[in-house]
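# Chains, contacts and geometry: an overview
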Amino acid sequence: MTAPGVPARLENDTLLRALAREATPYTPLWLMRQAGRYLPEYNATRARAGDFLTLAKTPALATEVTLQPLDRFPLDAAILFSDILTIPDAMGLGLAFAAGEGPRFAHPLRDEAAVARLAAPDPSRELRYVLDAVREIRRALGGRVPLIGFSGSPYTLACYMVEGSGSSDWQTLKTMLYARPDLLQRILSVNAQAVTDYLNAQIEAGAQAVMIFDTWGGTLSHAGYETFSLVYTRKVIGALRKQAEGRQVPCILFTKGGGQWLEAMAASGADALGLDWTTDPRDARRRVGAGVALQGNLDPMTLMAPPAVVRAQARQVLDAFGPAPGHVFNLGHGISQFTAPDTVAELVDEVRTYSTKLRGGR
Ligand code: CP3
């Protein structure tokens, strides 16, 4: 059943069809971090909110910025405006974003007692603002395009929870991983439960697809990726609600730097894999077969180049994925805050025009 005020029918369901590997008249497109600082209207709303966390925690404002990129460009999906760090924030780790510095936790997990106390939050209480935003965005979208919900992976969340901030080498986290793997395993188990509950709550509130960001999975050793990341992500995916509103709710798994583990990722139960720009789409398709959709993978820095170059690079990506169903165009990682919105308009236009031809239309 659809929530009150939400139309049952999607006007544009190309994203959901491509994720189900069904034919579409063109390749659907959305951009990681499509609502963000490269848009002047985003910066204006954030200034009104005061800071990023207040923006994310105020459903009316989160709704406003979620829709901003869609009002500018003919994108094929909306993504919930929030952050992966809402879970550790709800666990009481004390999240703050210092201006220009990135996230910082006041109480990172540094000892046995803190790890023992850790518990999965109840999304309907501590993360209620996220669910309220999902419901409000669905109403505001009015069935234009599907809404993607998301979470960090258990491992990527643990990176920030132990380190207390971003890091170039994750020294504190890696010290725990090698010296006290039992502590990290306990954190990862709690995170897997938290991510499962959180994504299922987003689906119940109206998310029509979900994406798991394993941004730091690629920093693990080959053996460590299976043991500390994929095992837990698999558990999450296996426990996700698969249907809502009479439709499949696909799950996209993105591991930055995960190109060497695509076969294992494809066997995780994910419906689609996000590829970063270091992965060759032809090779990826050969390795995973036709069983999953693929999303990606233009280098976000391509968008710093003149429009003709951006258009040529976009065609190269589309050619590499080929005309077979099951490609969702995206960047290989989040869009840079220094991207010119006009360049994004050129990209969106080229992907629509060229992919229509590629798929046999005109
Ligand atoms: O894609 C979207 O438009 C939805 C919104 C979204 C944000 N963060 C908003 C945001 C999503 C999907 C995320 C996910 C996220 N957050 C990830 C995984 C994806 C990735 O980029 O790898 C990670 C690792 C984070 C953690 C995080 N949040 C960092 C490291 C930072 C600071 C670095 C930066 O880019 O500024 C944030 C802040 C953040 N999250 C911003 C936005 C728009 C910028 C904050 C601001 O407006 O000042």
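Described in the following lines is the structure provided in the data block. (Residues numbered from 1 in each chain as written. Predicted model: local features only at pLDDT ≥ 70, side-chain atom pairs only at ≥ 80, totals over all residues. Heavy atoms only, no water.)

## Focus on the sheet that holds strand 8 (residues 251-255)
Selection criterion: The pairing criterion for strands is at least two bridges between them, as found by DSSP. Only DSSP runs of H or I covering at least 4 residues are called helices, and only runs of E covering at least 2 are called strands; the numbering of each starts at the N terminus. Contacts between residues were defined by any pair of non-hydrogen atoms, one from each residue, lying within 4.5 Å. Orientation is described by lines fitted to C-alpha atoms, with helices fitted over the stretch in contact, and by angles between N-to-C directions that extend from 0 to 180 degrees.
The sheet built from 7 strands is open, its strands ordered 1-4-5-8-9-10-11 with parallel pairing. Of all the strands in the sheet, the pair left with one neighbour each is strand 1 (78-79) and strand 11 (327-331). When strand 10 (residues 293-298) meets strand 11, the two strands line up parallel, connected through 5 bridges. Bridging across to strand 11, Q295 finds its partner in V328. Contacts from helix 14 (residues 281-288) reach strand 9 (272-274) and strand 10 within the one sheet, and its direction differs from that of strand 10 by about 165 degrees.

## A closer look at a nonpolar patch on the surface
Note the threshold: In this scheme, patches are assembled from residues that exceed 30% relative accessible area and form no salt bridge. Like charges are connected within 9 Å, while nonpolar side chains (Val, Leu, Ile, Met, Phe, Trp, Tyr) are connected within 5 Å. Here the Shrake-Rupley method, with its probe set to 1.4 Å, supplies the accessible areas, and only the displayed protein chains count as covering residues. Just to be clear on terms, a salt bridge is a Lys or Arg side-chain nitrogen sitting within 4 Å of an Asp or Glu carboxyl oxygen.
Together, M301, M304 and F338 make up a nonpolar patch on the protein surface, roughly 360 Å² of accessible area in all. Note on placement: M304 falls in the loop between strand 10 and helix 15 (307-321).

## Notes on the packing of helix 8 (residues 128-141) against helix 11 (residues 181-205)
To keep things clear, this is the line we draw: Angles are sorted into four bins: roughly parallel if under 35 degrees, roughly antiparallel if over 145, roughly perpendicular if 65 to 115, and oblique for all others. By definition, turning the near helix anticlockwise from the far helix through less than a right angle yields a left-handed crossing, and turning it clockwise yields a right-handed one. Residues are sorted three ways: Asp, Glu, Lys and Arg are charged, Ala, Val, Leu, Ile, Met, Phe, Trp, Tyr, Cys and Pro are nonpolar, and all the rest, Gly among them, are polar.
One way to put it is that helix 8 packs onto helix 11 with a least axis distance of 8 Å and a crossing angle of 30 degrees. With respect to their mutual orientation, helix 8 and helix 11 come out roughly parallel. With respect to the hand of their crossing, helix 8 and helix 11 are arranged in right-handed fashion. Of the residues in helix 11, those touching helix 8 at V130, L131, V134 and R135 are Y198, A201, Q202 and A205. Residues that form the contact of helix 8 with helix 11 fall into these classes: 6 nonpolar, 1 polar and 1 charged.

## Examining helix 12 (residues 222-238)
For clarity, the threshold we go by: Expected span of a helix, by definition, is 1.5 Å for each gap between consecutive residues, and there is one gap fewer than residues. The term bend refers to the angle at a residue between two fitted axes, each drawn through seven residues, those ending there and those starting there.
The end-to-end C-alpha separation of helix 12 is 23 Å, in line with the 24 Å expected for 17 residues at 1.5 Å each. Where helix 12 bends most, at L230, the angle is about 40 degrees.

## Re unusual backbone geometry
The peptide bond linking G296 to N297 adopts the cis configuration, its omega dihedral lying at -10 degrees. Examined against the element boundaries, N297 turns out to sit in strand 10. One non-glycine residue, R21, lies in the positive phi region at around 60 degrees. Note on placement: R21 falls in the loop between helix 1 (14-19) and helix 2 (40-49). The phi angle at E245 is positive, at roughly 55 degrees, despite the residue not being glycine.

## Looking at the nonpolar core
Under the convention used in this document: Side-chain atoms within 4.5 Å link the members of a nonpolar core, which is a set of buried Ala, Val, Leu, Ile, Met, Phe, Trp, Tyr and Cys residues. Relative accessible area decides the class of each residue, using a 1.4 Å probe on protein chains only: under 20% of the type maximum gives buried, over 50% gives exposed, and in between gives partly exposed.
Formed by 126 residues in total, the largest nonpolar core has its most connected members in W30, F81, I187, M211, L273, F329 and L347. Looking at which element gives the most residues to this core, the answer is helix 11, with 13 residues. Beyond its immediate stretch of four places on either side in the chain, L273 contacts I252, L253, L262, M265, A266, V288, V292, A293, L294 and Q295.

## Concerning the pairing of strand 3 (residues 102-105)
Direction of pairing for strand 2 (residues 95-98) relative to strand 3: antiparallel, over a ladder of 4 bridges. If you follow L95 over to strand 3, its bridge partner there is F105. Here strand 2 hands over to strand 3 after 3 residues, with G100 in that stretch at a positive phi of 70 degrees.

## A closer look at the site of the ligand
For the record, the criterion: We call a residue near a molecule or strand whenever a single non-hydrogen atom of that residue lies within 4 Å of it. The definition of a polar contact used here is a pair of N or O atoms within 3.5 Å, where within protein one atom must be able to donate a hydrogen and the other to accept one, and adjacent residues in sequence count solely through side-chain atom pairs.
Within the structure, the ligand sits among 23 residues, and R37, Y42, R46, T215 and H333 are positioned closest to it. R33 has a polar backbone atom sitting 2.7 Å from an oxygen atom of the ligand. Here the ligand loses 88% of its free accessible area of 870 Å² to cover by the protein chains. For the shell around the ligand, the secondary-structure elements that each account for two or more residues are helix 2 and strand 3. Of the residues belonging to the shell around the ligand, the class tally is 14 nonpolar, 5 polar and 4 charged.

## With respect to the environment of V210
Along the chain, the position of V210 falls in strand 5 (residues 209-214). Judged by relative accessible area, V210 falls into the buried class, the value being 1%. Sequence separation between V210 and F150 is 60 residues; the distance between their C-alpha atoms is 5.1 Å. The contacts of V210, once residues within four sequence positions are left out, are I148, G149, L199, I203, L240, P250, C251 and I252.

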